Amino acid sequence: MGEKIMPHEASVRAWLRRMKVSADDLDDLIQESYCKLAGLDSVDHIHRPDAYFFSIARNLLLRRLRRSSVVSITAIAEIEAFDDGRPSPEREVAARKDYERVRALIAQLPERCRQVFEMRKLQGASQREIAHRIGISEGMVEYHVYEGTKAIVRAMRRQDEEAEVRAEELNRGKLSP
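So, here is what we can say about the structure in this document. Residue indices follow the written sequence of each chain, beginning from 1 at its first position. Reporting of local features is limited, given that this is a predicted model, to residues whose pLDDT is at least 70; pairs of side-chain atoms are given and counted only at 80 or more, and all residues count toward the totals for whole chains, interfaces and linings. Calculation of side-chain values draws on the structure's entire complement of heavy atoms; hydrogens and water are dropped beforehand.

### Considering the nonpolar core
Worth spelling out the cut-off: Put simply, buried Ala, Val, Leu, Ile, Met, Phe, Trp, Tyr and Cys residues joined by side-chain atoms within 4.5 Å make one nonpolar core. Three exposure classes are used, based on accessible area relative to the maximum for each residue type with a 1.4 Å probe and protein chains only: buried under 20%, partly exposed in between, and exposed over 50%. Runs of H or I in DSSP of at least four residues are treated as helices and runs of E of at least two as strands, each being numbered from the N terminus. By definition, residues are in contact when any of their heavy atoms lie within 4.5 Å.
Counting 17 residues, the largest nonpolar core has Val12, Leu16, Val21 and Leu61 as its most contacted members. Breaking this core down by element, the ones donating at least two residues are helix 2 (9-18), helix 3 (23-38) and helix 4 (49-67). With 7 residues, the top contributor of residues to this core is helix 4. In contact with Val21, not counting residues within four places along its chain, are Leu16, Leu26, Leu29 and Leu61.

### Some remarks on the environment of Ile56
Along the chain, Ile56 falls in helix 4. It is 8.5 Å that separates the C-alpha atoms of Ile56 and Leu37, two residues lying 19 residues apart in sequence. Excluding residues within four positions of it along the chain, Ile56 makes contact with Ser33, Lys36 and Leu37.

### As for the packing of helix 3 against helix 4
Using the following cut-off: A fitted line through C-alpha atoms represents every axis, and for helices the fit uses only the stretch in contact; the resulting angles, taken between N-to-C directions, go from 0 to 180 degrees. Orientation labels follow simple angle bins: below 35 degrees gives roughly parallel, above 145 gives roughly antiparallel, 65 to 115 gives roughly perpendicular, and whatever is left gives oblique. Crossing chirality is assigned from the near helix's rotation relative to the far helix, an anticlockwise turn below a right angle marking it left-handed and a clockwise turn marking it right-handed. Think of it as three bins: nonpolar holds Ala, Val, Leu, Ile, Met, Phe, Trp, Tyr, Cys and Pro, charged holds Asp, Glu, Lys and Arg, and polar takes everything else, Gly as well.
Remark: helix 3 packs on helix 4, axes separated minimally by 9 Å, with the N-to-C direction vectors making an angle of 125 degrees. Considering the angle they form, helix 3 stands oblique to helix 4. Pair helix 3 / helix 4 crosses with right-handed handedness. Facing helix 3, whose interface residues are Asp25, Asp28, Leu29, Ile30, Glu32, Ser33, Tyr34, Lys36 and Leu37, helix 4 presents Tyr52, Phe53, Ile56, Ala57, Leu60, Leu61, Arg63 and Arg64. Residues belonging to the contact of helix 3 with helix 4 are distributed by class as follows: 10 nonpolar, 1 polar and 6 charged.

By themselves, these observations are geometric and do not establish any function.
Structure (structure tokens):
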């Protein structure tokens, strides 16, 4: 893990300097961050070591500032506003649900259409490559992708409309949850 975290130390130090952290405190925060990382049982859950390192340093700095007797409110606001570029947990869950929804709709496509659509949109294969692999013309590949996209969009609209109707009925008290 060290080889993935250490290259980001300079960025974290620069950010801490911009937050007006003293040199001594800066070194302590970096050291504490490394200690936190060393104390982890596993690092398998860390997908973005740079963002994780920043988050640890940020949280340690916030904890220190909150413990100190006199703290600038703007300093805490600036630190809390720090965005490490990762989507919120809520957005990750929503994206995962959207993905599962689209995968379910793709699975409902006719076999050839589904096969072509998955190869083109999910695997990133070119029209020419798909046509060659399956033994159809490039025009047919384009047709299947177009038809698959149309069918998925229609199904999503239908599902959204049904959900809106159900939500309205729930709000009016016509249905039980």
